[in-house]
Amino acid sequence: MSDVLALVEARLRTALGEPDARAAVTFLGTDRIEVLRFTASDAGGEVVRYATLGMSAQPMADPTATLVDPLRGPRAELVLTVRTGRADTDKVLRPLAVLAASPQVEGVIVAPGASLDTGEPLWPEAPFTSVLVAESGGLVEDLELDEPMDPVRFLPLLPMTPNEAAWKRVQGAAALEERWLRHGTDLRDPMRAGVPLG
């Protein structure tokens, strides 16, 4: 599976450039998860992107399945983009690695529309303890693998305040994303206020 990760890292470098930092986290009974940091500029200024590397080494499996297929099943890595200079967002490395390890640890399948909760602020003083998993294919294109393996999807993470997360549980991911859009919410602002939900 190390060759899968080599292909994944190559795709990340092609899409995001050279990483300027990387950290590795290993949890008991799981494969090593790395988090790579990339810096870039966009229309609003400097941004930093954090991408996991290691989550896609194995396909995600349904926890109720009696037999786990070592080749077939969804594969993904997580990508988080935030603006620089407003918060110590590098502390997100461990929470991101925890989320990337959750398919191995908890048997969850991470897919667009899902909420992932870290149970603690994503970084010091962050108003977010959870993220919404968005659709892949925008920033980093899906990586096709040899049959019968599923492609690796690079899933963007959108930080949610606790109120937004609670509202999303009731109304759904599409409704929350539509509300963010309607209010012009800067989802890359690491200290943004929650969107009005009334």
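Look above for the structure.
Described below are features of the structure shown in this document.

Cut-off values and rules
- Residues numbered from 1 in each chain as written.
- Predicted model: local features only at pLDDT ≥ 70, side-chain atom pairs only at ≥ 80, totals over all residues.
- Heavy atoms only, no water.
- Helix = DSSP H or I, 4+ residues; strand = E, 2+ residues; numbered from the N terminus.
- Rg over C-alpha atoms; globule rule 2.2 N^0.38 Å.
- Pairing = 2+ DSSP bridges.
- Axes fitted to C-alpha atoms, helices over the stretch in contact; angles between N-to-C directions.
- Core = buried A, V, L, I, M, F, W, Y, C linked by side-chain atoms within 4.5 Å.
- Buried < 20%, exposed > 50% of the residue type's maximum accessible area, 1.4 Å probe, protein only.
- Contact = heavy atoms within 4.5 Å.
- Polar contact = N/O pair within 3.5 Å; in protein donor to acceptor, adjacent residues only side chain to side chain.
- Salt bridge = Lys/Arg side-chain N within 4 Å of Asp/Glu carboxyl O.
- Arc of directions from axis to C-beta.

Here we look at the overall build of the protein chain
On a plain count of helices and strands, the protein chain comes out with 4 helices and 7 strands. When the elements of the protein chain are put in sequence order from the N terminus, they spell out α-β-β-β-β-α-β-β-β-α-α. On C-alpha atoms alone, the protein chain measures out to a radius of gyration of 16 Å, which is about the 16 Å that the 2.2 N^0.38 rule sets for 198 residues. Overall size of the protein chain, expressed as C-alpha extent along the three principal axes, is 45 × 40 × 30 Å.

Some points on the sheet that holds strand β3 (residues 45-53)
Strands in a sheet are paired, the pairing made by backbone hydrogen bonds, and the direction either parallel or antiparallel. Taken in spatial order, the 7 strands make up an open sheet running β1-β2-β3-β4-β7-β6-β5, and their pairing is mixed. Both outer strands of the open sheet, β1 (21-25) and β5 (115-117), are each paired with one neighbouring strand and no more. Strand-to-strand twist across the sheet, computed as the mean angle between neighbouring axes with direction ignored, equals 30°. Bridge analysis of β3 against strand β4 (residues 75-83) gives 5 bridges, and the strand direction is antiparallel. Bridge assignment links A51 to a residue of β4, and that residue is V79.

Looking at the nonpolar core
Y50, L78, L80, V110, W123 and L157 are the most contacted members of the largest nonpolar core, which totals 28 residues. Looking at this core, the elements that each hand over two or more residues are β2 (33-42), β3, β4, α2 (93-106), β6 (130-133) and β7 (152-160). Counting residues per element, this core draws most heavily on α2, which supplies 5 residues. Contacts of Y50, omitting those with residues within four sequence positions, involve V35, L36, R37, L78, V79, L80, V82, T89, D90, V92, L93 and L96.

Let's talk about the side chain of E77
Inspection of the secondary structure assignment puts E77 in strand β4. Here the side chain of E77 touches T52 through a polar contact of 2.7 Å, side chain to side chain. Reaching out from E77, the side chain makes a polar contact with the side chain of S56 at a distance of 2.7 Å. With sequence-adjacent residues up to four places away left out, E77 is seen in contact with L5, V8, T52, L53, G54, M55, S56, V152, R153, F154 and L155.

A short note on unusual backbone geometry
Here E147 and P148 are connected by a cis peptide whose omega angle stands at 5°. Checked against the element boundaries, P148 lands in the loop between β6 and β7. Unusually for a residue other than glycine, E125 sits at a positive phi of about 65°. Tracing the chain through its elements places E125 in the loop between β5 and β6.

A short note on the pairing of β4
Within β4, 9 of the 9 residues are buried, which leaves the element mostly enclosed by the surrounding structure. As defined by bridge partners, β4 adjoins β7 across 6 bridges and the pair is classed as parallel. Bridged to L80 within β7 is L157.

Digging into the side chain of E164
By the secondary structure assignment, E164 is in helix α3 (residues 162-171). From its side chain, E164 meets the backbone nitrogen of V195 in a polar contact 2.9 Å long. Dropping the residues within four chain positions of it, E164 is found in contact with P159, L176, W180, R192, G194, V195 and L197.

Thoughts on the pattern of salt bridges
Counted by the stated rule, this structure contains 14 salt bridges. The salt bridge partner of R182 is E178, with a shortest N-O separation of 3.1 Å. One end of the pair is R182 and the other is E178, both in helix α4 (residues 173-182) and 4 residues apart, which spans about a single turn. E178 gets classed as partly exposed once you look at its relative accessible area, which sits at 39%. Members of the salt-bridge network, linked through shared partners, are E9, R13, E18, R22, R32 and E34.

Structural notes on α4
For α4, the full list of buried residues reads A173, L176, R179 and W180. The buried residues of α4 occupy an angular sector of 125° when the element is viewed end-on, so they sit on one face. Turned more than 90 degrees away from the buried face of α4 sit A174 and L181, all of them exposed.

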